[in-house]
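# Architecture at a glance
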Amino acid sequence: MECVGVTMFLLMCTLFLAVHGTDSEYISLEPTQHGRKGDSMLLKVETHFNSQNVTFQGTWYKTKPIYTHLATFTKSNVILNMRLKSNTVINLPNVSLYIEHLDEVAEGEYQMEINLIFPGSSKPVPVTKTVTVTVSVPVSIPIISKTPDSELVEDRDNVTLTCSVENGTNVHYKWLRNNNLVGLSDRYTFSQDNGTLVINPVKKEDIGQYVCEAKNHISVELSKQTDLSVFYGPYNLAVNSDQGLKTGGVFTVNPGELVFFECLADSNPPNTCVWISKTKNGTEVLMTGPRFEVTSYELAQAKEFLCRAFNNVTKKQDETKFTLVVASLGKGREKHIQEGSALSPLSFITIASVVIIVCMMFVLLRKSCHPRRIIKTMYRRPTTEQRGLHRSGHEDATEDFGIYEFVSVPGKMESTQASCRSLARFDSVKDLHTTIYDVIRHVPETPTLSLLK
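Residues numbered from 1 in each chain as written. Predicted model: local features only at pLDDT ≥ 70, side-chain atom pairs only at ≥ 80, totals over all residues. Heavy atoms only, no water.

## Considerations on the overall build of the chain
- The number of helices and strands found in the chain is nine helices and 32 strands.
- Going through the 453 residues of the chain one by one, you find that 30% of them count as buried.
- The long-range fraction of contacts in the chain, counting pairs at least 24 apart against all pairs at least 6 apart in sequence, stands at 60%.
- Surface summary for the chain: the accessible area is close to 29,800 Å², and the carbon and sulfur share equals 55%. (Helix = DSSP H or I, 4+ residues; strand = E, 2+ residues; numbered from the N terminus. Buried < 20%, exposed > 50% of the residue type's maximum accessible area, 1.4 Å probe, protein only. Contact = heavy atoms within 4.5 Å. Areas by Shrake-Rupley, 256 points an atom, 1.4 Å probe, with all protein chains shown as cover.)

## Some thoughts on the packing of aromatic side chains
- Summed over all chains, the structure comprises twelve aromatic pairs.
- Between phenylalanine 292 and phenylalanine 305, the ring centres sit 5.6 Å apart and the planes meet at 50°, which makes this aromatic pair tilted. Taken together, the residues span a long stretch of sequence, with phenylalanine 292 in strand β28 (residues 291-295) and phenylalanine 305 in strand β29 (residues 303-310) at a distance of 13 residues. By the burial criterion, phenylalanine 292 is buried, and phenylalanine 305 matches it.
- A network of ring pairs unites the aromatic residues Phe251, Phe261, Trp275, Phe292, Phe305 and Phe322 as a single cluster. (Phe/Tyr/Trp six-rings, centres within 6.5 Å; stacked < 30°, edge-to-face > 60°.)

## What about the state of the cysteines?
- The full count for this structure, using the stated rule, is two disulfides.
- Disulfide pairing is shown between cysteine 163 and cysteine 212; the S-S distance is 1.9 Å. What sets the handedness of the cysteine 163 and cysteine 212 disulfide is the S-S torsion sign, and at about -90° it is left-handed. One end of the pair, cysteine 163, is in strand β14 (residues 159-164); the other, cysteine 212, is in strand β19 (residues 208-215), and 49 residues separate them in sequence.
- Residue classification places cysteine 212 among the buried positions, given a relative accessible area of 0%. (Disulfide = S-S within 2.5 Å.)

## Describing the environment of isoleucine 114
- Relative to the assigned elements, isoleucine 114 resides in strand β10 (residues 108-117).
- Along the backbone, isoleucine 114 and valine 127 are 13 residues apart, and their C-alpha atoms lie at a distance of 5.3 Å.
- Aside from chain neighbours lying at most four places away, what touches isoleucine 114 is Ile27, Phe56, Gln57, Gly58, Phe73, Val125, Pro126 and Val127.

## Some points on the environment of glutamate 109
- Assignment of secondary structure puts glutamate 109 in strand β10.
- Linking glutamate 109 and valine 131, residues 22 residues apart in sequence, is a C-alpha distance of 5.9 Å.
- Setting aside its immediate chain neighbours within four residues, glutamate 109 contacts Tyr61, Lys62, Thr63, Lys64, Thr130, Val131 and Thr132.

Here is the structure:
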């Protein structure tokens, strides 16, 4: 019988919940609400039942920071706590709580308890809702202070950055370095509201521009940039030269070549560089400065050198060594240079080839079209009479001996220079004579004496 009774009770409870639902379905209320100091706020309660058919009774409390009874309400009446100032009002029938003036006292946690009696039921359904209220003052532009304000040395000093606002409540801070969020690190320590950032110790990567963001529930502001400088180094020390060939730590130069070396490192402030030569007997300091020059003819064999960089502020130093070898680079160096700048020689060769081809074509055309060359060709043609003489055994050959002179005859043509095509049409010396030149023959008395003269 007891089991049957328990089963019937559970079935009735299930039926009741199915008909009326859970308390979360009857009332809804925002769990958190933010307000500005001096403004008003409504803690709005939304009811999901017919308030005309349901009987209810409830109470508003302020549970934090101090437990305080605010008001008791029914379906038709409200009883306020007379010990409190008239700063709160309950709106019926939806039982919302209205706060007329927000101040520091109004901030806290509020709770509403209500009992609902539905038609046909005598057992009340309890419902409890809680809401947190914040009252904030808008933040002013934050200001960053740095301690110490002097320059910092890497791995030796620490720095404290503090962000503060003149006005604002419920402020939470955020730090940015070079527009990137500064997160947690083994060297970073933040205060509870992130308003203070301690870097211990400082390093090179901490260098940058820092900005503080001040934010609360109703406003947000950014500070001006604050520069953080750190003395560091030397890092990544290396020796470079524009002369010769470098293979690893070995520089090869031509005999007699003047070579310049530079000692470079990442450092703040710049390093003091010392150049040292290494021998079997020890070391010798050659000079001080970032630039070192050596004449290769002074070296009889390969020699080792060393560059030592020292930071006068961080008191740290680093050194690197290299070997200088004197040898004739020859074609190897030329090949290296060409590989380094392959585009320039190729362009030069192409342009030079084009120019040469153009010049050759011009010379060939000029020679092929020159009038004297064509005249000589025509003069070498034998005439009909000459062909006959040639067949008869070169009779009267001595009559052709003499010195010929070509004299220009003006007025014979409209132009004193004929084209290649015009000259090519001449079939005889007679045609040429009547067109361009007169031929004068001078016969010396004795051919031998004439040549000797």
